[in-house]
Amino acid sequence: MDTTHGETGKLRRILGLSSLFAIAVGVVVAQVVFISILQGVGIGGSDFFVALIVAFILTLCYVFTFSELAVMLPKAGSISAYTEVSIGHVPAIIATIAGYLAPAVFGLPAELFLLEAVLDTLFPESFTQIGWLIILVLLFLNILGVDFFAKVQNLFAYLMIVSLLVIGIAGLAQSEPQGASVISIFEGLKDLDIGVLSLTMLALWSFFGLEFVCPMIEETKNPGKNIPRSMILAAIVLLVVYALVALSGYLTVPQTALSESEIPHSILVTALFGESGKIILAILAVTATCSTINTVLATIPRMLYGMGRNQQLPTLFTRLHPKTNTPWVAIVFVASLILIPTILLSGQDDIILTLVISAATIWLVAYVISHINLIVLRRRYPDYKRPFKSPWYPFPQILGIIGMVYMILNNSPSPEMTLQVYMNAGLMVLIATIYAAVWVKFKMKKGWFEPEPIEKVLED
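Here the residue index of a chain counts from 1 through its sequence in written order. Thresholds applied to this predicted model are a pLDDT of at least 70 for local features of residues and 80 or more for the giving and counting of side-chain atom pairs; totals over whole chains, interfaces and linings are not thresholded and use all residues. Only hydrogens and water are set aside when side-chain values are computed; all heavy atoms of the structure are taken into account.

Asker: Just give me the short version of the overall build of the protein chain, but keep the residues and values in it.
Answerer: Every helix listed is a DSSP run of H or I at least four residues long, and every strand listed is a run of E at least two residues long, numbered separately from the N terminus. The helix and strand inventory of the protein chain stands at 18 helices and zero strands. The atom set for the radius of gyration is the C-alpha atoms, and the globule formula is 2.2 Å times the number of residues raised to the power 0.38. For a compact globule of 460 residues, the expected C-alpha radius of gyration is about 23 Å, and the protein chain comes in at 21 Å, within 12% of that figure. Dimensions of the protein chain, computed from C-alpha atoms along their principal axes, come out at roughly 65 × 45 × 40 Å. Exposure is judged per residue with a 1.4 Å probe applied to protein chains only, and the accessible area is read against the type maximum: over 50% gives exposed, under 20% gives buried, and values in between give partly exposed. For the protein chain, the residues scored as buried account for 60% of the 460 residues in total. Here, residues are in contact when the closest pair of their heavy atoms is within 4.5 Å. Partitioning the contacts of the protein chain with sequence separation of at least 6, the portion at a separation of at least 24 is 85%.

What follows is the structure in structure tokens.
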């Protein structure tokens, strides 16, 4: 046993395809996604359905990239492991801390604030402290073990998918639509122009995070097949579900009502089910938020655990619980980073959109780095064994880089918000860069952009 890995041996392989699918879906389908989908329909009408397909194509680009990288380098560190082999330790640390830890700090408090807003609308002043309670409960459940996490995650994810399907099908079954008609979708496509790309950011946000299955690879059965399959299957299922929900909103609610509402899913559910829709909306809101947070508390700590094993973080992060074999120190650390802003910013609902877009912008940088990783590793290790190879290489990677850069440059609805988003994102990248530069130079005593041999990373 390698004692540098903590108090016990190693992570346990118990996750199958159904659990990985639940993880992939769980981090993606958050309440902010419902807002993105329905506001996108409200703003763009029929054009949004095209934007949804464009976003799906860009999603497949990053899914193909992460699938190849993950099964080629099956390490819990995920993007940090891929990046240190391709372009060095400093970019690896930046990609993980700025690309994944920082979005969690921005995005999850926003998700909790949104949950509180929805529940306060349904049941005034009944759930004012639910945000930090959810974090503490899910923190405890994640420390209990990955098998326990998987059961909870399956419950959240599949209940959420069923709820969305019910909403989508109910909207299609309306005999007297209050919104537009199906025919108007095809009529609207006749006037399609380049403006559809401005809607793609709203649609793309709805597919972010499928790669969160990758940090679980050391706990996955048959990862060479199940990791790629889970992400591809999740992308396809989400496209169908989102299209149904978007179509339901398009047919049921006037576009202006969707575009102007801060919680348009509340309007849609009420229009479909009346007062009884409160229960459905509450279930949807709670399961979506809990599913996202539960997944983040499972996956990002595994990234930090992997970085600790690679000496990119203090070895404290490699500690595993002696009974449950979970990276408990990393789990507590990530939960604390989410909990602090949730408490400090409580009640500031007006910053939800800024926090969400800030998180998305930094996340896009990590996707660009992942595509660069694959291109570099294909050239550096052309004959290395790859259980999964990205189809049509290098076109998905080139298209993915162009698409993500475009989204970074067109990430918000106003110049004022764009400035604030860039300040938030820039601050996180700056902090990560300073830490990475100092740590790699003086603690690891390596070059900033000195790649590690792939054999060494796989042996660690």
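Asker: Break down the side chain of S19 for me, with residues and values.
Answerer: Assignment of secondary structure puts S19 in helix 1 (residues 17-28). In this structure S19 comes out as buried when scored by relative accessible area, which is 10%. In contact with S19, not counting residues within four places along its chain, are A150 and N154.

Asker: Report on the packing of aromatic side chains, specifying residues and quantitative values.
Answerer: For this analysis, a ring pair means two rings from Phe, Tyr or Trp (six-membered ring only for Trp) whose centres lie within 6.5 Å, classed as stacked if their planes differ by under 30 degrees, edge-to-face if by over 60, and tilted for the remaining angles. Counted according to the given criterion, the structure contains 21 aromatic pairs. Ring centres 5.1 Å apart and planes at 85° place the aromatic pair F317 and F333 in the edge-to-face group. Within this pair, whereas F317 is found in the loop between helix 13 (277-309) and helix 14 (328-344), its partner F333 is found in helix 14, the two being separated by 16 residues in sequence. Grouped by ring-pair contacts, the aromatic residues Y62, F66, Y82, Y100, W205, F208, F212, W363 and Y367 constitute a single cluster.

Asker: Break down the nonpolar core for me, citing the residues and quoting the values.
Answerer: Buried Ala, Val, Leu, Ile, Met, Phe, Trp, Tyr and Cys residues that are joined via side-chain atoms within 4.5 Å together make up what is termed a nonpolar core. One finds Y100 and L210 to be the most contacted residues of the largest nonpolar core, which totals 157 residues. Top element by residues in this core is helix 5 (residues 89-122). It accounts for 20 residues. For L210, the residues in contact, after removing those within four places along its chain, are A24, V28, T59, Y62, V63, M231, A234, A235 and L238.

Asker: Give me the lowdown on a nonpolar patch on the surface, citing residues and values where you can.
Answerer: Here the term patch refers to residues with relative accessible area over 30% and no salt bridge, with like charges joined within 9 Å and nonpolar side chains (Val, Leu, Ile, Met, Phe, Trp, Tyr) within 5 Å. Residue burial considers only the protein chains on display, and all accessible areas are found by Shrake-Rupley using a 1.4 Å probe. Every case where a carboxyl oxygen of Asp or Glu lies within 4 Å of a side-chain nitrogen of Lys or Arg is listed as a salt bridge. On the surface, W132, L133, L136 and I343 cluster together to form a nonpolar patch covering roughly 340 Å² of accessible area. Sort the elements by how many residues they give to the nonpolar patch and helix 6 (residues 130-143) lands first, with three residues. Its place among the elements puts L133 in helix 6. Under the relative-accessibility criterion, L133 is labelled partly exposed at 39%.

Asker: Hey, could you go over the pattern of salt bridges for me, with residue numbers and the actual values?
Answerer: If charged atoms from side chains of opposite charge come close, those side chains can pair. Under the criterion given, the structure shown has five salt bridges. Among the ionic pairs, E219 bridges to R302, the shortest N-O distance being 3.0 Å. Taken together, the residues span a long stretch of sequence, with E219 in the loop between helix 9 (197-205) and helix 10 (223-252) and R302 in helix 13 at a distance of 83 residues. R302 shares its class with E219; the two are buried. Members of the salt-bridge network, linked through shared partners, are E68, R378 and R386.

Asker: Can you explain helix 6? Please cite residues and give values.
Answerer: Between the first and last C-alpha of helix 6 there are 20 Å, a value that for 14 residues agrees with the 20 Å anticipated at 1.5 Å per step. Within helix 6, burial applies to I130, G131, I134, I135, L138, L139, L141, N142 and I143. If you follow the buried residues of helix 6, they end up packed against helix 5, helix 7 (146-172), helix 13 and helix 14. Note on helix 6: the residue one or two positions beyond its end, G145, has a positive phi of about 145°. For a helix, the expected span equals 1.5 Å multiplied by the residue count minus one.

Asker: An account of the environment of L165 is requested, with residue identities and associated values reported.
Answerer: Mapping L165 onto the fold places it in helix 7. Given the relative accessible area of 30%, L165 is considered partly exposed. The spatial distance from the C-alpha of L165 to the C-alpha of L210 is 20 Å, given a sequence separation of 45 residues.

Asker: Pulling in residues and values, what's your account of the layout of surface pockets?
Answerer: Buriedness for pockets is judged along seven lines, at least five of which must meet protein on both sides within 12 Å for an open set on the 1 Å grid over protein atoms alone, while cavities are sets there where a 1.4 Å probe fits but cannot get out, and lining residues have an atom within 4 Å of a point. Grid points are joined across faces, edges and corners, and a volume is the space filled by probe spheres set on the points. What the second largest pocket holds in volume is close to 410 Å³. The wall of the second largest pocket is formed by 19 residues, among which L101, A102, V105, L337 and M428 lie closest to the centre. Mapped by element, the contributors of at least two residues to the lining of the second largest pocket are helix 5, helix 14 and helix 17 (415-443). Counting residues per element, the lining of the second largest pocket draws most heavily on helix 5, at seven residues. Three residue categories are used. Nonpolar comprises Ala, Val, Leu, Ile, Met, Phe, Trp, Tyr, Cys and Pro, charged comprises Asp, Glu, Lys and Arg, and polar comprises the others, including Gly. Classifying every residue of the lining of the second largest pocket by side-chain character gives 19 nonpolar, no polar and no charged.

Asker: Describe empty space enclosed by the protein, and please don't skip the residues or the numbers.
Answerer: For the coordinates displayed, the defined rule picks out five cavities of 30 Å³ or more. In terms of lining residues, the largest cavity is bounded by 20 residues, among which V27, L108, W205, T292 and W363 are the most central. Among the secondary structure elements, those contributing two or more residues to the lining of the largest cavity are helix 1, helix 2 (31-44), helix 5, helix 13 and helix 15 (352-380). With seven residues, the single largest contributor to the lining of the largest cavity is helix 5. Across the lining of the largest cavity, the residue classes break down as 16 nonpolar, three polar and one charged.

Asker: I'd like a rundown of the packing of helix 1 against helix 13, residues and numbers included.
Answerer: Packed helices, taken two at a time, are described by the angle their axes make and the gap between the axes. Every axis in this analysis is a line fitted to C-alpha atoms, fitted for helices over the stretch in contact. Angles between the N-to-C directions lie between 0 and 180 degrees. Running from N to C, helix 1 and helix 13 cross one another at 120°; their axes reach a closest spacing of 7 Å. Like other packed secondary-structure pairs, helix 1 and helix 13 cross with a definite hand, here left-handed. Contacts between helix 1 and helix 13 involve I23, G26 and V27 from the former and S291, T292, T295, V296 and T299 from the latter. For the contact of helix 1 with helix 13, the per-class residue count stands at three nonpolar, five polar and no charged. Rotating anticlockwise by less than a right angle from the far helix to the near helix defines a left-handed crossing, while the corresponding clockwise rotation defines a right-handed one.

Asker: Outline the confidence of the model for the protein chain, listing residues and values.
Answerer: Parts of the model with low pLDDT should not have their predicted coordinates read in detail. For the protein chain, per-residue confidence averages 86 on the pLDDT scale, and residues scoring 70 or more make up 92% of the total. Mean pLDDT values over the elements of the protein chain span from 68, in helix 8 (residues 182-188), up to 95, in helix 3 (residues 47-72). Per-residue confidence from the predictor is given as pLDDT, running between 0 and 100. Scored below 50 in pLDDT, residues 1-8 shows 20 contacts in the model against residues more than four places distant or in partner chains.

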